[in-house]
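# Reading the structure
What follows is each chain in one-letter form.
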Amino acid sequence: MSSIYEKYHLKQVINASGRMTILGVSTPRPEVVEAVNTGMNHYFEMKDLVNKTGEYIARLLDVEAATVVSCASAGIAQSVAAVLVKDSDWLLENLHVTPVENNEIVLPKGHNVNFGAPVGTMVALGGGRMVEAGYANECSAAQLAAAITPRTAAILYIKSHHCVQKSMLNVAQAAEVARAHNLPLIVDAAAEEDLQRYYQAGADLVIYSGAKAIEGPTSGLVIGRHKYVEWVKRQAGGIGRAMKVGKEGILGLTCAIEHYLTAAKESGAEMVAKMTPFIDALNTLNGVSARVVWDAAGRDIARAEIKFDEATTGIATGDLVQALKQGEYAIYFRGYKANEGIIEADVRSVTAQQLDIIYRRISELLKEKQA
Ligand SMILES: *Cc1c(COP(=O)(O)O)cnc(C)c1O
């Protein structure tokens, strides 16, 4: 493994930030790597592969239909294209040539986020025009409904920690609005862990990122009602071609989903056990207080919250976060609250030895400052 780092002069990474695209997201289990390898080494009738794996996944998840795409962003773009093009052959081949008249995609304003790229860019790729409902800090079912016009093609709901959470309608309420207006509901649940609940809440299409919670290869999953998933699949002959998924991604993700549903996950309690010596060590440092915090979105994920008293440490937490990326190992944390002197360590992809390296690095940097 070190040879690749040496050959290309790459920096070694300790990932205490969670499933982050900028670090390569996740490291799939050996069975998934094997499935990717099998995919690489054989030919298939690709339509057959897409259809059969889709049916297999749909059965596993007890949903009407499923298909593998290249990533969740591609899933959003192709879902939007799907609800605009439907089964029109003309539009499939002329999506961005002949603009679709009724192309408005309504989403709560607080869901118009940047997940690493803007949601609106994916909507535009699919030929849609985004229309925001409600306000930055609230969107009720009535406010969502008020944004619907005869030009509306679908409702888009982003289920994510990136979004505004308070005073926000839930997926079931959005589904009710969609039904009442005879519109499809698309849910982007890219990083979510539950592969069934949004479909069960009434979404017509639900999109997941293959490498995040599911820990598959770079890929995406779209599940939903039969008609809509078929329309997504048709996009292989339209915009989907620019975001083609390969046999290795299809087989790797299918395998990863199967394991994801059956394999025991590292529990929050296990995460706490792993991080406790790390937290205890940090608490011996001057100006540092560490504790266990639980995932704000309610998932069974425990993280180490590390709070720096900048008056004592003498270093801005944002600068410390930067410095931690510059050592022998590039150490990445969740830095969303660095401006409040707080960082979080997500230990799911970190070994006990790596936690020790992190502790020593933090302690070194603080000693340099305090010396
Ligand atoms: C990660 C993420 C995406 C994009 O997923 P990719 O598979 O990387 O394209 C989209 N939406 C949300 C909310 C995300 O968290």
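Refer to the structure presented above.
To keep things clear, this report deals only with the structure shown in the data block. Quick caveat, the model's predicted, so the values are computed rather than measured. (Residues numbered from 1 in each chain as written. Predicted model: local features only at pLDDT ≥ 70, side-chain atom pairs only at ≥ 80, totals over all residues. Heavy atoms only, no water.)

Secondary structure summary: the chain contains 15 helices and 12 strands in total. For 371 residues, the compact-globule formula gives about 21 Å, and the C-alpha radius of gyration of the chain, at 22 Å, lands near that figure. Within the chain, contacts between residues separated by at least 24 positions form 71% of all contacts whose residues are at least 6 apart in sequence. When the accessible surface of the chain is totalled, it reaches about 17,800 Å², and 51% of it is carbon and sulfur. Distance between charge centres in the chain, computed from 37 positive and 41 negative side chains, equals 3 Å. (Helix = DSSP H or I, 4+ residues; strand = E, 2+ residues; numbered from the N terminus. Rg over C-alpha atoms; globule rule 2.2 N^0.38 Å. Contact = heavy atoms within 4.5 Å. Areas by Shrake-Rupley, 256 points an atom, 1.4 Å probe, with all protein chains shown as cover. Lys, Arg positive; Asp, Glu negative; His and termini not counted. Charge placed at Lys NZ, Arg CZ, Asp CG, Glu CD.)

Moving on, we get to the packing of helix α3 (residues 46–61) against helix α11 (residues 247–262). Relative orientation of the contacting elements α3 and α11 amounts to 10 degrees, with a least axis distance of 11 Å. Comparing the axis directions of α3 and α11 gives the class roughly parallel. Residues Met46, Leu49, Val50, Thr53, Tyr56, Ile57, Leu60 and Leu61 of α3 touch α11, and the partners they reach there are Lys247, Ile250, Leu251, Thr254, Ile257, Glu258 and Leu261. Per-class residue counts for the contact of α3 with α11 are 11 nonpolar, 2 polar and 2 charged. (Axes fitted to C-alpha atoms, helices over the stretch in contact; angles between N-to-C directions. Parallel < 35°, antiparallel > 145°, perpendicular 65-115°, else oblique. Nonpolar A, V, L, I, M, F, W, Y, C, P; charged D, E, K, R; others polar.)

Attention now goes to the pattern of salt bridges. Across all of its chains, the model carries 16 salt bridges by this definition. Between lysine 109 and glutamate 132 there is a salt bridge, and its shortest N-O distance comes to 2.8 Å. With lysine 109 in the loop between β3 (104–108) and α6 (119–125) and glutamate 132 in strand β4 (residues 129–133), this residue pair connects regions lying 23 residues apart in the sequence. On the basis of relative accessibility, which here comes to 33%, the residue glutamate 132 falls in the partly exposed class. Here glutamate 230 makes a salt bridge to lysine 233, at a shortest N to O gap of 3.0 Å. Of this pair, glutamate 230 and lysine 233 are both found in helix α10 (residues 226–234), 3 residues apart, which corresponds to roughly one turn of the helix. Overall, the relative accessible area of 29% leaves glutamate 230 in the partly exposed class. Several salt bridges converge on common partners, so that one network encompasses Asp295, Arg303, Asp346 and Arg348. (Salt bridge = Lys/Arg side-chain N within 4 Å of Asp/Glu carboxyl O. Buried < 20%, exposed > 50% of the residue type's maximum accessible area, 1.4 Å probe, protein only.)

Another aspect to go through is the site of the ligand. Every residue lining the ligand is accounted for by Thr21, Cys71, Ala72, Ser73, Phe115, Ile158, Ser160, His162, Asp188, Ala190, Ser209 and Lys212. Within the backbone of alanine 72, a nitrogen or oxygen atom sits 2.8 Å from an oxygen atom of the ligand. Contacts to the ligand include serine 209, whose side-chain N or O atom sits 2.6 Å from an oxygen atom. Within the complex, 92% of the 380 Å² of free accessible area of the ligand lies under protein. (Near = heavy atom within 4 Å. Polar contact = N/O pair within 3.5 Å; in protein donor to acceptor, adjacent residues only side chain to side chain.)

This part takes up the nonpolar core. Grouped together as the largest cluster of nonpolar side chains are 47 residues, with contacts concentrated most on Leu185 and Leu221. No other element matches α11, which puts 7 residues into this core. For leucine 221, the contacting residues outside a window of four places in its chain are Ile57, Leu61, Ala66, Thr67, Val69, Val206, Ile207, Tyr208, Ile214, Leu253 and Ile257. Judged by nonpolar contacts, the second largest core, of 38 residues, contains Ala72, Val83, Val85 and Val100. (Core = buried A, V, L, I, M, F, W, Y, C linked by side-chain atoms within 4.5 Å.)

Turning our eyes to something else, we now look at the packing of helix α12 (residues 268–282) against helix α15 (residues 352–370). The contact between α12 and α15 brings their axes to 10 Å, and the two run at 15 degrees. As judged from the angle between their axes, α12 and α15 are roughly parallel. Once α12 is placed against α15, the crossing between them reads as right-handed. Facing Lys274, Met275, Phe278, Ala281 and Leu282 of α12, the residues of α15 in contact are Leu355, Ile358, Tyr359 and Ile362. Among the residues making up the contact of α12 with α15, the classes are represented as 8 nonpolar, no polar and 1 charged. (Left-handed = near helix turned anticlockwise from the far one by under 90°.)

Let us now look at the sheet that holds β3. Judged by pairing direction, the sheet is mixed, and its 7 strands sit side by side in the order β2-β8-β7-β6-β5-β3-β4 without closing on themselves. Each edge of the open sheet is held by one strand with a lone partner, namely β2 (65–69) and β4. Across the sheet, the mean angle from the axis of one strand to that of its neighbour is 25 degrees, orientation sign disregarded. Where strand β7 (residues 205–209) lies against strand β8 (residues 220–224), 5 bridges are found, and the strand directions are antiparallel. Bridging from a neighbouring strand, isoleucine 207 pairs with valine 222 of β8. (Pairing = 2+ DSSP bridges.)

Counting buried residues along β8, 5 of its 5 residues qualify, which places the element largely inside the surrounding structure. In this sheet, β8 lies alongside β2 in antiparallel orientation, the contact comprising 5 bridges. When the bridges of β8 are listed, threonine 67 appears paired with valine 222.

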